[in-house]
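What the coordinates show
For reference, the chains in residue letters:
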Amino acid sequence: MIKLIYFDFDFWRVDILRLSLAHSNIPYEYQRVPRQDWSKRKKEFPFGQLPSMIINNKSFAQTHSLAKFCAIRSSLYDNDEFKILVIDQVLDWANEITNQIAPSIRAAIREKDFEKSKRLRKEFIKNDLFTWFLYLENLFKNSSSEKQFFTDKFSIADITAWRVIFWFCSGKLDLIDDSFLSELPALKKYYDDINNYK
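Since the structure is predicted, the reported quantities are computational estimates derived from the model, not experimental observations.

Quick word on the packing of aromatic side chains
All chains considered together, the criterion is met by 20 aromatic pairs. Aromatic pair phenylalanine 7 and tryptophan 38: ring centres 5.0 Å apart, planes at 75 degrees, arrangement edge-to-face. A residue pair is termed long-range when its members are at least 10 positions apart, and phenylalanine 7 in strand S1 (residues 2-7) and tryptophan 38 in helix H2 (residues 38-41) qualify at 31 residues. Between phenylalanine 150 and tyrosine 190, the aromatic rings sit 5.2 Å apart at their centres with planes inclined by 80 degrees, giving edge-to-face as the arrangement. Taken as a pair, phenylalanine 150 in the loop between helix H5 (114-143) and helix H6 (156-169) and tyrosine 190 in helix H7 (residues 185-195) lie far apart in primary sequence, 40 residues in all. Classification of phenylalanine 150 as buried rests on a relative accessible area of 0%. Through a chain of ring-to-ring contacts, the aromatic side chains of Phe11, Trp12, Trp93, Phe124, Phe133, Trp167, Phe168 and Phe180 assemble into a single cluster.

Regarding a positive patch on the surface
A contiguous patch of positive charge, built from Arg35, Lys42, Arg106, Arg110 and Lys112, is present on the exposed surface. Position of arginine 35 relative to the elements: it lies in the loop between strand S2 (28-33) and H2.

Here's the deal with the sheet that holds S2
Pairing is mixed in the open sheet, where four strands are placed in the order S2-S1-S3-S4. Looking at the sheet topology across the chains shown, the edges are occupied by S2 and strand S4 (58-61). On average, each strand axis in the sheet is tilted by 25 degrees relative to the strand beside it, whichever way the strands run. Strands in contact with helix H1 (residues 12-23) are S1 and S2; relative to S1, the strand with the most contacts, it is inclined by about 155 degrees. The strands touched by helix H3 (residues 63-73) within the sheet are S1, strand S3 (52-55) and S4, with S3 carrying the most contacts at an inclination of about 45 degrees.

Let's talk about the packing of H6 against H7
For the pair H6 and H7, interaxial distance at closest approach is 10 Å and the crossing angle is 105 degrees. Judged by the angle between their axes, H6 and H7 are roughly perpendicular. Of H7, the residues touching H6 (which contributes Ala157, Asp158, Ala161, Trp162, Ile165 and Phe166) are Leu187, Tyr190, Tyr191, Ile194 and Asn195. Its residues assigned to classes, the contact of H6 with H7 shows nine nonpolar, one polar and one charged.

Definitions and limits used
- Residues numbered from 1 in each chain as written.
- Predicted model: local features only at pLDDT ≥ 70, side-chain atom pairs only at ≥ 80, totals over all residues.
- Heavy atoms only, no water.
- Phe/Tyr/Trp six-rings, centres within 6.5 Å; stacked < 30°, edge-to-face > 60°.
- Helix = DSSP H or I, 4+ residues; strand = E, 2+ residues; numbered from the N terminus.
- Buried < 20%, exposed > 50% of the residue type's maximum accessible area, 1.4 Å probe, protein only.
- Patch = residues over 30% accessible without salt bridge, like charges linked within 9 Å, V, L, I, M, F, W, Y side chains within 5 Å.
- Areas by Shrake-Rupley, 256 points an atom, 1.4 Å probe, with all protein chains shown as cover.
- Salt bridge = Lys/Arg side-chain N within 4 Å of Asp/Glu carboxyl O.
- Lys, Arg positive; Asp, Glu negative; His and termini not counted.
- Charge placed at Lys NZ, Arg CZ, Asp CG, Glu CD.
- Pairing = 2+ DSSP bridges.
- Axes fitted to C-alpha atoms, helices over the stretch in contact; angles between N-to-C directions.
- Contact = heavy atoms within 4.5 Å.
- Parallel < 35°, antiparallel > 145°, perpendicular 65-115°, else oblique.
- Nonpolar A, V, L, I, M, F, W, Y, C, P; charged D, E, K, R; others polar.

Pasting the structure below:
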């Protein structure tokens, strides 16, 4: 049995693992670590990070590696080396854009410096928000011949792209609304189509 471990809130890093496994009805256990317990438990996990996965009594970590493992298990990866490059780029893009917005999140949550958080968020919106989603849209347009999925077959790339776009359009990130997506028509249509994908 696969055991996934993450904090006690929803986030794309663990959600893409859960969605991949659920897609193929692969059973797993899910443990949430309360944020207030993290400092005491951090040393339990590889790299001192979450998400973590335990399988065969061994612990593993790093989002990209875990996502690839779950995708392979769920037949959501690929055997074609060029399609693998596309999938891996989407996973890396998700990590990169998260790193770009992270300072504004840390300023609010860890430092409780809300003015700093607001300033950093405005800088992110001005300098990075559109740029990084344009990168994703260009990757989609250049990779997808049928303009439905990133590799023309539903994969972990689509789960990841959808989940990160959902995060940015959810209204949970202060000062960011979903209007930016209207400036990226191919990506917006892709996101809307994935929302309705069954």
